[in-house]
Amino acid sequence: MTKITANHLGRAAFVYIRQSTADQLLHNPESRRRQYGLADRARQLGWTTVEVIDDDLGRSGGGIHRPGFERLLAAICEGRVGAVFAIEASRLARNGRDWHTLIEFCGLVGTIIVDEDGIYDPRHPNDRLLLGMKGTMSELELSLFRQRSHEALKQKARRGALFLGVAAGYAKAGRDRIEKDPDQRVQDALKLVFSKFAEFQSVRQVHVWLRDEGIALPVKSHKAAEGRCIVWKLPLYNTVHNILTNPIHAGAYAFGRTTSKVSVENGRKRVKRGLRRPLAEWDVLLKDQHEGYISWSAFEQNQRVIADNATGKGATVRGAVRRGGLLLAGVLRCGHCGRKMYVSYGGKAGRYYCRGALVNHGTERCISFGGLRADHAVGAEVLRVLKPLGIDAAVNALQAQAGETSAVQRQLELALQQARFEASHSRRQYDAVDPANRLVASELERRWNEALQVAQRIEGEIAGLEASKQAPLGEKERQHLMQLGSDLELAWSHPAATAATRKRILRAALHEIVVRIEGDHVEMVVHWQGGDHTALKLKKNTVGKHRWTIPEDTLSLIRELARQMPDRQIARLLNRVGKPTGRGNGWIEARVRSFRSHHGIAAYREGEWTERGEMTLEAVAQIMDVSVMTALRMIQRGVIKGRQLCKGAPWVIKAEDAAAYRAQNAPQHPLSADPAQQTFAFQ
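What you see is a predicted model, and the numbers here were worked out from it, not measured in a lab.

**Q** Pulling in residues and values, what's your account of the nonpolar core?
**A** Across soluble globular proteins, you tend to see nonpolar side chains buried next to one another. Counting residues in each nonpolar core, the largest one holds 47 residues, and the members touching the most others are Val193, Leu210, Val240 and Leu244. The set of elements that each furnish at least two residues to this core consists of helix H9 (184-200), helix H10 (203-213), helix H11 (237-245), helix H12 (296-309), helix H15 (390-432) and helix H16 (438-468). Each residue touching Leu210, except ones within four places of it in the same chain, is listed here: Leu192, Val193, Ile215, Leu217, Pro235 and Val240.

Okay, structure coming up:
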C-alpha cells in the first residue's frame with residue numbers, strides 16, 4: 001500500500017479491459033465481469049476518477065492495431081494516469097515489445113501497475129524485474145499453448161479426422177468422418193455444377209448460366225441465430241469457383257491449403273490470412289477418403305482448365321474461349337522464342353503475332369502471319385482426324401438436347417418438394433397451437449402463408465419452363481443431325497456453327513501448336529491431346545498479297561488475252577473456263593478493265609495482230625482457201641504451227657508460217673479453165 005502516493009491518487013486510474021476473440025465475448029462473460037470489477041477495486045484503493053478502456057474487446061494482443069491500448073499509452077505520456085489496472089499482464093500485451101513499452105512509459109512518468117496479485121512501481125528495480133518476468137512468462141505461456149494446439153490439430157489432420165468445417169454437399173457422420181449430404185436436392189445441384197463445367201470449360205460461363213436459369217446453390221450458413229445449416233442462394237462467382245476447386249468434392253481430405261503471411265507496416269504487425277498454396281505444398285492430402293462427386297483425375301483436369309483460363313494472373317496460359325473470329329487463339333506457341341502468341345484484329349481479318357522479344361528485351365518483333373489460312377489448314381486437319389467420331393458426337397448432341405431442360409426442371413422440382421414440405425410443416429405447427437393464443441397463432445399463420453407463396457412461385461416457374469420447352473426433334477431433324485455427324489465438314493461450315501463452338505472443338509482435340517517461319521513458309525507442329533504430333537507447312541502471302549488475290553495462272557492468262565481481244569470478250573472467256581475473281585465473283589467488262597489498270601496491263605488495240613505478224617484461225621483458213629475445221633485439223637496434226645492460251649481462246653498462227661505452207665503447197669495448175677468456177681466449202 002505504501003507504493004500508492006498522493007501523486008498517484010491525484011491522477012486518474014485507468015482500467016484496461018480486453019478479450020482476444022469474438023467467440024470469447026460470446027461465451028466467456030465471467031472474464032469480462034472480472035475485468036470490469038477492477039473499477040470497484042480502484043475506488044476502494046482511494047481513486048475517485050476511474051476511466052475504463054474497453055475499445056479492444058474482441059482484439060488479440062499479439063501486436064495488431066489496438067486503439068484502446070494506444071489511447072492508454074497516450075494518456076500515460078500526458079501524465080494523466082496514476083495507475084493502470086488489469087487482471088494480468090497478458091491482458092495488457094501478448095508480446096514483449098508492447099509490454100516493455102508500457103513499463104518504460106510508466107517508469108518515466110511515475111505510473112504504477114496494479115493487477116490481482118499486487119501493486120508494482122516500474123521505477124523500482126525489483127518491481128521492474130518482476131513485471132518483466134511476468135510479461136516473459138505470459139508470452140512463453142501463449143507460445144506453449146499455441147504450439148500444443150497446433151501439433152494436436154496437425155496430428156489429427158494427418159489421420160484425416162480433423163473437420164473444422166464441412167463444405168456444402170457433406171455432413172458429419174460422427175466426430176471424425178463425413179458423408180454425402182442425404183438431401184437429394186443438394187447432391188443434384190453440385191452434380192449439375194460439375195457437368196456444366198465439363199461442357200462450358202469456364203467457371204464464369206457456369207456462373208452466368210446458373211444465374212440466367214435462376215438455379216440456386218446450397219451454401220453453408222454460419223450465422224449465430226441459424227447455426228450451421230444449408231441455405232439456398234443464387235450463386236456468386238466465388239461460390240462456383242470454390243465448389244470446383246475444393247478437393248473434398250473429389251473424395252479427398254486436404255489440410256493446409258491456405259497459409260498466412262506476416263508483414264510489418266507502420267511499425268505494426270499485419271497478418272494476411274487465406275493465401276492459397278500450390279497443391280504440392282499442402283500439409284496433408286489423402287485421396288479416396290470418402291465418396292466424391294467426381295473422380296480425382298477429373299478434379300485434376302478441372303484445375304488444369306481453370307489454370308489455363310487464368311489469363312489475368314501473368315501466367316503464359318492459353319485462356320478461355322473468347323470472342324473473335326480466329327480459331328487458334330491461345331493454343332499457338334512461338335517456335336523461335338517459346339512464348340505464347342497473341343491475336344490482333346484489323347478490319348475483317350486477323351493476325352497471329354509474337355511480341356515476347358519486344359516486350360522483354362526491347363528487340364524486334366518475333367514473328368507474325370495471317371490467321372485465315374492457318375485456321376483453315378488446322379481445321380481441315382482436325383476434321384480429318386475426328387471424322388470417325390462424328391456419329392458419336394451426333395448421338396451425344398441428341399442426348400444433350402434432351403438433358404439441357406431436364407436438369408433445370410429437376411432442380412425446380414426438388415425445390416418445389418422442399419417448399420411443399422416447409423408449407424406442410426408450417427401448417428402442422430399452426431394446427432397444433434391454440435387458436436386463442438393469437439400472439440403465437442398469428443406468427444405461425446404468417447410463416448405458413450410465406451411458405452405457400454414460395455411453393456406457388458416455384459410452381460409458376462415450372463409451368464413457364466414447360467410452356468417454353470422446345471418440342472423434341474422430329475425424325476427429319478434427327479436424320480439431318482445424324483447426317484451432320486457423318487459429314488463433319490458440313491457441320492463445321494454450317495451457318496449455325498459459331499466461332500466459339502469451333503474453338504471448343506479444336507481445344508478438345510489440341511494441346512498446343514508450335515509455329516516457326518522459315519523463308520516464305522509457316523511451319524506448324526500440331527500437338528494433339530493424346531500425345532501425337534502432326535506437321536503442317538503453309539505458304540505465306542508475300543507483300544501485296546491477300547486472301548482476295550487471284551492465282552498467278554489467272555493473272556498470266558489475262559496478260560496474254562489482253563493482247564488478243566477486248567475486255568468484254570476476255571470477261572466472257574474467263575467465265576466460260578471457270579476462272580472467278582479473287583472474291584469468287586464472275587467477270588464483267590468493268591472488272592477486267594479495273595484489273596488491267598491495277599496491274600498495268602495495256603488495253604487491246606485494233607491492228608495488234610498485224611503488227612506482231614500473227615493471224616487468227618479464220619484468217620488462215622481464208623488465205624489457204626480451206627474451211628476453218630480443215631485449218632484446225634491441220635494445226636492439230638502439226639502441219640501448221642499454232643498456239644491457244646486456253647480452251648475457247650483464239651488460235652494464234654504466225655503469218656510467216658501460213659505463207660510458207662501456202663508457197664510450198666500451191667497448186668501447179670488451175671482447178672478449172674472457167675474463171676467463174678466457185679469453190680464449195682464443206683462444213
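**Q** Can you lay out a nonpolar patch on the surface for me, pointing to particular residues and giving the numbers?
**A** Together, Met137, Leu140, Leu144 and Phe145 make up an exposed nonpolar region whose accessible area comes to about 390 Å². The topology assignment puts Phe145 in helix H8 (residues 125-158). Accessibility expressed as a relative area gives 47% for Phe145, which makes it partly exposed.

**Q** Which residues make up the sheet that holds strand S14 (residues 332-334), and what values do they have?
**A** The strand order across the open sheet built from four strands is S14-S18-S19-S20, with neighbouring strands paired in mixed fashion. Every other strand in the sheet has two partners, leaving S14 and strand S20 (533-539) as the edge strands with one partner each. Here the strands of the sheet are splayed against their neighbours by 25° on average, with no regard to which way each runs. In terms of strand pairing, S14 meets strand S18 (residues 510-518) through three bridges, oriented parallel.

**Q** Pulling in residues and values, what's your account of the pattern of salt bridges?
**A** Counted according to the given criterion, the structure contains 33 salt bridges. Arg34 is the salt-bridge partner of Glu116, the closest N and O atoms lying 2.5 Å from each other. With Glu116 in the loop between strand S4 (112-114) and strand S5 (119-120) and Arg34 in helix H3 (residues 29-36), this residue pair connects regions lying 82 residues apart in the sequence. The exposure class assigned to Arg34 is partly exposed, which follows from its relative accessible area of 44%. Among the ionic pairs, Arg605 bridges to Glu611, the shortest N-O distance being 3.3 Å. Several salt bridges converge on common partners, so that one network encompasses Arg563, Glu608, Arg612, Glu614, Arg643 and Lys654.

Conventions used here
- Residues numbered from 1 in each chain as written.
- Predicted model: local features only at pLDDT ≥ 70, side-chain atom pairs only at ≥ 80, totals over all residues.
- Heavy atoms only, no water.
- Core = buried A, V, L, I, M, F, W, Y, C linked by side-chain atoms within 4.5 Å.
- Buried < 20%, exposed > 50% of the residue type's maximum accessible area, 1.4 Å probe, protein only.
- Helix = DSSP H or I, 4+ residues; strand = E, 2+ residues; numbered from the N terminus.
- Contact = heavy atoms within 4.5 Å.
- Patch = residues over 30% accessible without salt bridge, like charges linked within 9 Å, V, L, I, M, F, W, Y side chains within 5 Å.
- Areas by Shrake-Rupley, 256 points an atom, 1.4 Å probe, with all protein chains shown as cover.
- Salt bridge = Lys/Arg side-chain N within 4 Å of Asp/Glu carboxyl O.
- Pairing = 2+ DSSP bridges.
- Axes fitted to C-alpha atoms, helices over the stretch in contact; angles between N-to-C directions.

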